[in-house]
Amino acid sequence: MEMKALIKEKPVQGATFQNRPIPQIGENDLLVRVRAAAICGTDIHIYQWNEYAASRIKLPLLFGHEYSGEVMEVGKNVTNFKRGDRVAAETHVPCGRCFQCTTGLQHICQDMKILGVHRDGAFSEYTILPEVCAWKLDASITYDIGATMEPFGIGVHAMSKTKPAGKKVIIFGCGPIGIYAQMVAKLSGAEYVIGVDVSQERLDLARNMGTDILLNAKEVNVVDEVNKMTKGLGVDIVVELTGNKNVLNDATKTLRRGGEIVLVGLFSGPVEWDVVNNVIYKEAKVYGVTGRIMWETWWSAQSMLLSGKMDVRPVITHRFGLKDYDQAFQMAQSASTGKIVFEI
Ligand SMILES: [Zn+2]
Ligand SMILES: [Zn+2]
């Protein structure tokens, strides 16, 4: 039995759409018929084949990892899932044995494998999901929203490090995760939320999703603007999602003394950061955030989606069939869209 799949075969820009055998599941796996899969920054790296991809990935690879679908078959040790269940995927596969895994920190497992990076992913009709990474979708959550619970979860996890109620929050980056984080901060009762980006399309999307103040870093000096807004005090909470080395120092300049900064965006290589002025003298609290806490973040994310107080649907701005992958990745590379989803 064969399936259609998007494969990264060669170490050059692009990918190929091919037939592949439907994978065989192991004892602890689910075979999932993929229904929706979203494009993530990592997928763009893989598609472009930049340094980030070349240093991590063995070819050929079936990529894509943010997805949801229907369970078709379960391995013999699987107890919590059955054929017909609707699932989303936690994309970080924990080993289950290391120090972190045995102390409730599976999401930073010592021997973590990532779907669609270290093993075959989900830009395909079928994929294998280890039971340990399967999240049962609530009946009211559609497949496309299910596919975005993974990046939504990063926004939820980032904000969970802080207590945004009654606070001034600034979020650098208005890509999908940035917008999700802004929505979570608003829902959590922030006094106001500032979103920063250089794409007018993304700023407009963030405004439509309810972010209070939008700053285009190409047009204004963000540090000056925040200074004016806060009468020189600075904001209580900074979230860095751009991964842009030049943004980090400005981002921390907007932070008030004694404030909190959450670092989520991935910088390429070491960064130069004025730690004395931005962290030590400010007594700033700095948090690193990666992935989602299993399963605490997922429960919170689901509660927010089910609360009816947050409509994340418009964050998905483009939908494609898998065969139109080239067009989809062209759009994704523009860094001016919301989430792009393949309907499979
Ligand atoms: Zn991702
Ligand atoms: Zn582990």
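Reading guide: rules and limits
Residues numbered from 1 in each chain as written. Chains lettered and ligands numbered in written order. Predicted model: local features only at pLDDT ≥ 70, side-chain atom pairs only at ≥ 80, totals over all residues. Heavy atoms only, no water. Helix = DSSP H or I, 4+ residues; strand = E, 2+ residues; numbered from the N terminus. Donors = N, O, S within 2.8 Å, 3.2 Å for Na, K, Ca; no water. Buried < 20%, exposed > 50% of the residue type's maximum accessible area, 1.4 Å probe, protein only. Domains from an automatic or database assignment. Contact = heavy atoms within 4.5 Å. Buried area = accessible area lost by both parts, 1.4 Å probe. Salt bridge = Lys/Arg side-chain N within 4 Å of Asp/Glu carboxyl O. Polar contact = N/O pair within 3.5 Å; in protein donor to acceptor, adjacent residues only side chain to side chain. Nonpolar A, V, L, I, M, F, W, Y, C, P; charged D, E, K, R; others polar. Arc of directions from axis to C-beta. Pairing = 2+ DSSP bridges. Tetrahedral: all angles 85-135°; square planar, octahedral: opposite > 155°, others 65-115°. Axes fitted to C-alpha atoms, helices over the stretch in contact; angles between N-to-C directions.

## Focus: the environment of threonine 254
Counting through the fold element by element, threonine 254 comes out in the loop between helix H8 (245–253) and strand S15 (255–263). Between the C-alpha atoms of threonine 254 and glycine 232, which are 22 residues apart in sequence, the distance is 9.2 Å.

## Some points on the coordination of the zinc ion (ligand 1)
Surrounding the zinc ion (ligand 1) are the protein donor atoms Cys40 (SG), His65 (NE2) and Glu66 (OE), at 2.1 to 2.5 Å. Each donor residue of the zinc ion (ligand 1) belongs to the same chain, with the gaps between them written as C-x24-H-E. Here cysteine 40 is found in the loop between strand S3 (29–38) and helix H1 (41–48), whereas its partner glutamate 66 is found in strand S5 (residues 66–74), with 26 residues between them in sequence. Each member of the pair cysteine 40 and glutamate 66 is classed as buried.

## Focus on the domain arrangement of the protein chain
For the protein chain, the assigned domains read domain 1 (2–148 + 312–343) and domain 2 (154–288). Its C-alpha centre places domain 1 at a distance of 28 Å from the equivalent point of domain 2. Counting residues at the interface gives 12 residues for domain 1 and 11 residues for domain 2. Counting the surface lost from both domain 1 and domain 2, the interface buries some 960 Å², and carbon and sulfur atoms represent 69% of this. Summed over the shared surface of domain 1 and domain 2, the number is zero salt bridges. Linking domain 1 to domain 2 there are two residue pairs in polar contact (both at pLDDT 80 or more). For the side of domain 1 that touches domain 2, the residue count by class is five nonpolar, six polar and one charged.

## What about helix H7 (residues 222–229)?
Looking at H7, one finds that the buried residues are Val222, Val223 and Val226. Mapping the buried residues of H7 onto a view down its axis gives an arc of 100 degrees, with all of them on the same face. Those residues of H7 hidden inside the fold are in contact with strand S11 (168–172), strand S12 (192–197), strand S13 (213–216), strand S14 (235–240) and H8. One or two positions beyond H7, positive phi appears at lysine 231, with a value near 50 degrees.

## Overview of the sheet that holds strand S2 (residues 16–21)
Pairing within the open sheet is antiparallel, and its three strands lie in the order S2-S1-S4. Lying at the two open borders of the sheet, with one neighbouring strand each, are S2 and strand S4 (61–62). The pairing of strand S1 (residues 2–8) with S2 spans six bridges and is classified as antiparallel. Among the inter-strand pairings, isoleucine 7 is bridged to a residue of S2, identified as threonine 16.

## Side note on the coordination of the zinc ion (ligand 2)
Under ideal tetrahedral coordination, the four donors around a metal are separated by 109.5 degrees; under ideal octahedral coordination, the six donors are separated by 90 or 180 degrees. For the zinc ion (ligand 2), the protein coordination sphere consists of Cys95 (SG), Cys98 (SG), Cys101 (SG) and Cys109 (SG), at 2.3 to 2.4 Å. Classification of the site at the zinc ion (ligand 2) rests on its four donor atoms, whose angles at the metal span 103 to 117 degrees, yielding the label tetrahedral. Counting along the primary sequence, the residues that act as donors to the zinc ion (ligand 2) give the motif C-x2-C-x2-C-x7-C. Among the residues examined, cysteine 101 registers a relative accessible area of 10% and is labelled buried.

## Comments concerning the sheet that holds S13
Taken together, the six strands give an open sheet; going across it, the order is S13-S12-S11-S14-S15-S16, and neighbouring strands pair in parallel fashion. Taken across any chain shown, the strands that pair with only one partner, and hence form the sheet edges, are S13 and strand S16 (285–288). Taking each pair of neighbouring strands and ignoring which way they run, the sheet shows an average axis angle of 15 degrees. Inspection of the sheet shows S11 paired to S14 by four bridges, in the parallel sense. Bridge pairing links valine 169 to isoleucine 237 in S14.

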